[in-house]
Amino acid sequence: MTEFTVVAPGGAQQLSEAPVWCAQTRRLWWVDVVRARLNSLDPSSGAFEAFDLPGKAAGCCVLRAAGGLAVALDDALHAFEPGAGSLTHLVAPENGQPLNRLNDGKADRRGRLWIGTMNTQAFEPDGGLYRIAPDLSVEKQFGDVIIPNSIAFSPDDRTFYFSDTRRFTIWAFDFDLAEGRIANRRVFADTSGHPGRPDGSTVDAEGFLWNAEIMGGRLVRYAPDGRIDRVVAVPVPRPTSCAFGGEGLETLYVTSMSTGLSDAELAGAPGSGGLIAFQPGVRGLPEPAFAG
């Protein structure tokens with residue numbers, strides 16, 4: 001039976017997302033989407049910090065090569081300096097789309113940021129996938145996206161993963177790291193028969209994709225060919241994403257959602273909205289940083 005630890009209680013957190021481990025500071029960072037808050041935890045000491053951001057929604061956070069983080073806040077990407085707690089505007093990929101906001105994003109190993117947008121109501125296919133280069137130039141990859149998630153890269157940089165949570169599908173693409181191009185879109189996993197929908201993902205050192213199934217109360221580990229290798233039930237009904245961190249990248253941290261749960265559900269799953277962790281028996285990969 002898998003042992004879980006609640007490392008950051010739910011409490012005031014509502015929709016935790018986009019966890020990322022910083023090896024330099026030995027801290028885990030993640031956002032609370034609906035509170036527009038950036039959270040930070042030192043697992044060794046338990047020291048926790050929260051930074052309230054001046055926006056309506058925080059989509060994700062990624063490491064930044066120049067230091068600090070890049071934070072998706074509403075419709076724009078900002079540089080965040082933890083020491084000063086300051087934000088600097090970098091780029092808004094979708095100027096002229098007032099009903100859209102940024103959501104899931106990850107950097108590739110050449111420092112580009114791949115990030116999705118979505119309609120704030122989360123029902124209309126008004127979003128898209130964008131690539132932001134280190135010089136902050138933006139290129140749209142495709143549209144017709146409802147809720148973008150599961151952005152991840154295989155260890156050999158030959159496969160790019162992406163999901164639309166509302167469409168119950170994770171896709172795989174051929175990925176050209178040198179050129180920063182994706183091609184040959186294909187269904188990697190059809191989750192329409194699963195108890196939950198595909199949310200955030202991470203890839204381990206063996207090349208397997210770990211996906212959080214929101215509404216399903218579980219993580220699914222997929223082999224590179226899309227076969228389900230392992231299912232891990234988690235003690236929160238709405239897991240949202242996951243990331244490896246800690247010593248040797250041996251701990252898998254899982255974010256979750258408390259919004260929409262009844263009092264009885266919250267009482268039975270007190271970690272909801274916060275951060276839980278367990279030892280999956282495999283290691284993760286260092287998370288690339290955005291070079292912009």
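Keep in mind the model is a prediction, meaning the values are calculated, not measured. Along every chain, residues carry numbers that run from 1 in the direction the sequence is written. pLDDT decides what is reported in this predicted model: residues at 70 or higher carry local features, side-chain atom pairs at 80 or more are listed and counted, and totals for whole chains, interfaces and linings draw on all residues regardless. Water and hydrogen atoms were dropped before computing side-chain values, which therefore reflect all heavy atoms in the structure.

Looking at the overall build of the protein
Where we set the bar: Under the DSSP-based scheme used, a helix requires at least four consecutive residues in state H or I and a strand at least two consecutive residues in state E, with every element numbered from the N terminus. Computation of the radius of gyration draws on C-alpha atoms, with the globule rule given as 2.2 Å multiplied by the number of residues to the power 0.38. Should any heavy atoms of two residues lie within 4.5 Å, those residues are considered in contact. Accessible surface area values rest on a Shrake-Rupley calculation with a 1.4 Å probe, where residue burial reflects the displayed protein chains alone. Under the counting rule used here, the positive set is Lys and Arg, the negative set is Asp and Glu, and His together with the chain ends is not counted. Charge positions come from single atoms, namely NZ of Lys, CZ of Arg, CG of Asp or CD of Glu.
In terms of helices and strands, the protein carries one helix and 24 strands. A globule of 292 residues ought to have a C-alpha radius of gyration of about 19 Å, and the protein, at 17 Å, matches this closely. Taken along the three principal axes of its C-alpha coordinates, the protein extends 45 × 45 × 40 Å. Looking at the protein alone, contacts between residues at least 24 apart form 45% of all its contacts between residues at least 6 apart. For the protein, the accessible area works out to roughly 11,700 Å², and carbon and sulfur atoms hold 49% of it. In the protein, the 26 positive side-chain charges and the 35 negative ones have mean positions that sit 1 Å from each other.

A few points about the packing of aromatic side chains
Quick note on the threshold: Pairing of aromatic side chains here covers Phe, Tyr and the six-membered ring of Trp, requires ring centres within 6.5 Å, and sorts the geometry by plane angle: under 30 degrees stacked, over 60 edge-to-face, intermediate tilted. Partly exposed residues are those whose accessible area sits between 20% and 50% of the maximum for their type, while under 20% is buried and over 50% is exposed, using a 1.4 Å probe and protein chains only. Note on geometry: a ring has a charge over it if NZ (lysine) or CZ (arginine) is within 6 Å of the ring centre and within 35 degrees of the ring normal.
Under the definition given, this model contains 18 aromatic pairs. Where Trp 114 meets Phe 153, the ring centres are 6.5 Å apart and the plane angle is 70°; that geometry is what we call edge-to-face. Remark: Phe 153 occurs in strand 14 (residues 148-153) and Trp 114 occurs in strand 11 (residues 113-119); sequence separation between them is 39 residues. The interplanar angle of 10° and the centroid separation of 5.8 Å between the aromatic rings of Phe 142 and Phe 173 together place this pair among those described as stacked. Taken together, the positions of Phe 142 in strand 13 (residues 138-145) and Phe 173 in strand 16 (residues 169-176) put the pair 31 residues apart, joining distant regions of the chain. With relative accessibility at 15%, the residue Phe 142 sits in the buried group. For Phe 173, a relative accessible area of 3% corresponds to the buried category. Pairwise contacts between aromatic rings join Trp 114, Phe 142, Phe 153, Phe 160, Phe 162, Trp 171, Phe 173 and Phe 175 into one cluster. For the cation-ring pair, Arg 221 lies above Phe 208, with the distance from its terminal atom to the ring centre recorded as 3.8 Å.

Details of the state of the cysteines
Applied cut-off: Working definition: a disulfide is two cysteine sulfur atoms within 2.5 Å of each other.
The final tally for this structure, using the stated rule, is zero disulfides. Residue Cys 60 stays outside any disulfide, its sulfur separated by 6.9 Å from that of Cys 61, the closest cysteine. No disulfide involves Cys 242; its sulfur sits 14 Å from that of Cys 61, the nearest cysteine. Under the relative-accessibility criterion, Cys 242 is labelled buried at 2%.

Things to note about the pairing of strand 8 (residues 76-81)
A regular strand places its side chains so that they alternate between the two faces of the sheet. Rule in force here: Each pair of strands is called paired provided DSSP finds at least two bridges between the two strands.
Counting buried positions over the six residues of strand 8 gives five, a clear majority of the element. Looking at chain direction, strand 7 (residues 69-73) and strand 8 are connected through five bridges and run antiparallel. Directly across from Val 71, in strand 8, lies its bridge partner His 78. As consecutive antiparallel partners, strand 7 and strand 8 are separated by two residues, and within that stretch Asp 74 has a phi angle of approximately 55°, a positive value. The antiparallel hairpin formed by strand 8 and strand 9 (residues 86-91) contains four residues in its connecting segment, where Gly 85 sits at a positive phi of about 65°.

Notes on the nonpolar core
Our working definition: Only buried Ala, Val, Leu, Ile, Met, Phe, Trp, Tyr and Cys residues count toward a nonpolar core, and they belong to the same one when joined by side-chain atoms within 4.5 Å.
Core analysis: the biggest nonpolar cluster contains 36 residues, and Trp 29, Leu 38, Leu 77, Phe 80, Ile 115 and Phe 290 have the highest contact counts within it. Beyond its immediate sequence surroundings of up to four residues, Leu 77 is in contact with Ala 70, Val 71, Ala 72, Thr 88, His 89, Leu 90, Val 91, Leu 102, Leu 113, Ile 132 and Phe 290.

Let's talk about the sheet that holds strand 1 (residues 5-8)
Short version of the rule: Orientation is described by axes fitted as lines to C-alpha atoms, over the contacting stretch for helices, and by angles from 0 to 180 degrees between their N-to-C directions.
Overall, antiparallel pairing links the four strands, which are arranged 1-24-23-22 in an open sheet. Edge strands, defined here as strands with exactly one partner in the open sheet, are strand 1 and strand 22 (239-245). Going across the sheet, the axis of each strand differs from the next one's by a mean of 30°, ignoring polarity. Pairing geometry for strand 23 (residues 251-256) and strand 24 (residues 275-278), over four bridges, is antiparallel. By the bridge assignment for strand 24, Leu 252 is matched with Phe 278.

Some words on the side chain of Asp 108
Filter applied, for reference: Nitrogen and oxygen atoms within 3.5 Å of one another constitute a polar contact, given that in protein one can donate a hydrogen and the other can accept it, and given that sequence-neighbouring residues count only through two side-chain atoms.
The topology assignment puts Asp 108 in the loop between strand 10 (100-107) and strand 11. In this structure the side chain of Asp 108 is engaged in a polar contact, spanning 2.9 Å, whose partner is the side chain of Trp 114. If we ignore the near neighbours within four places in the chain, the residues touching Asp 108 are Trp 114, Phe 153, Phe 175, Leu 177, Pro 288 and Ala 289.

What about the sheet that holds strand 10?
The four strands lie next to each other as 10-11-12-13, forming an open sheet whose pairing is antiparallel. Each having just a single partner strand, strand 10 and strand 13 make up the two edges of the open sheet. When the angles between neighbouring strand axes are averaged without regard to direction, this sheet yields 20°. Here strand 11 runs beside strand 12 (residues 127-132); their pairing, made up of four bridges, is antiparallel. Within strand 12, the residue paired with Trp 114 across the bridge is Arg 131.

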